[in-house]
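Commentary on secondary and tertiary structure
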Amino acid sequence: MFSLMANCCNWLKRWREPVRKVTLVIVGLDNAGKTATVKGIQGESPEDVAPTVGFSKIDLKQGRFEVTIFDLGGGKRIRGIWKNYYAEAYGIIFVVDSSDTERMEETKETMTEVLRHPRISGKPILVEQRERKETEFGGRSIPNEVDSEPISSNPFQPISTVITEKKQ
Ligand SMILES: Nc1nc2c(ncn2[C@@H]2O[C@H](COP(=O)(O)OP(=O)(O)OP(=O)(O)O)[C@@H](O)[C@H]2O)c(=O)[nH]1
Ligand SMILES: [Mg+2]
């Protein structure tokens, strides 16, 4: 009986909890797989995605969270707009295509610049390391390659995802 009442109280408490709005910003180099990631979150196919020109805004509901994701274009000329979204962001998702070893230096510089931005200070960072299966890349840890100094003030979570290439 007591546990039934406790369950009811918990349920009522949850029911009365206000909906929380969270804004996330997803950044990373062009072709890293940002839009594909967002498509995946939405349960859509990540294939045949066009490069993002500017940004796209995605609204999702996750439990009691109303989540807005700003998927920002990663092209060199578009990166200048990223900072305009930092202030309203609760946290940042930085996507890395770890198979693109030739652009690792550019990735490192770009990530360091993002993490050093004053409006990012203290905000949670999720680094998504995407690995294309067909390459020989063995899962090097991207976060370790980045200067750890700007990361130290941010709650930091790395994750890995495998890009599922279509079999020819
Ligand atoms: N099949 C498959 N293709 C993927 C996957 N992830 C990314 N791609 C492809 O890789 C290319 C680049 O992915 P995007 O998600 O457009 O990359 P982006 O980071 O949004 O690039 P910009 O918008 O230019 O900044 C696209 O052609 C995608 O279809 C995946 O998991 N599976
Ligand atoms: Mg995109």
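Check the entry above for the structure.
Residues numbered from 1 in each chain as written. Chains lettered and ligands numbered in written order. Predicted model: local features only at pLDDT ≥ 70, side-chain atom pairs only at ≥ 80, totals over all residues. Heavy atoms only, no water.

1. Brief notes about empty space enclosed by the protein
Taken as a whole and judged by the stated rule, the model has one cavity of 30 Å³ or more. Lining the largest cavity are Leu29, Asp30, Asn31, Ala32, Val95, Val96, Asp97, Asp100, Arg103 and Thr107. Per element, the largest residue contribution to the lining of the largest cavity is three residues, and it comes from strand S4 (residues 91-97). Looking at the lining of the largest cavity, its residues break down into four nonpolar, two polar and four charged. (1 Å grid on protein atoms, 1.4 Å probe; cavity = no way out; pocket = protein on both sides within 12 Å on 5 of 7 lines; lining within 4 Å. Points joined across faces, edges and corners; volume = space filled by probe spheres on them. Helix = DSSP H or I, 4+ residues; strand = E, 2+ residues; numbered from the N terminus. Nonpolar A, V, L, I, M, F, W, Y, C, P; charged D, E, K, R; others polar.)

2. Examining the coordination of the magnesium ion (ligand 2)
Within the protein, the magnesium ion (ligand 2) binds to Thr35 (OG1) and Thr52 (OG1); these donor distances fall in the range 2.0 to 2.1 Å. Note that threonine 35 is positioned in helix H2 (residues 34-41) and threonine 52 in the loop between H2 and strand S2 (55-62), a separation of 17 residues in sequence. Look at threonine 35 and you get buried, because its relative accessible area is 18%. (Donors = N, O, S within 2.8 Å, 3.2 Å for Na, K, Ca; no water. Buried < 20%, exposed > 50% of the residue type's maximum accessible area, 1.4 Å probe, protein only.)

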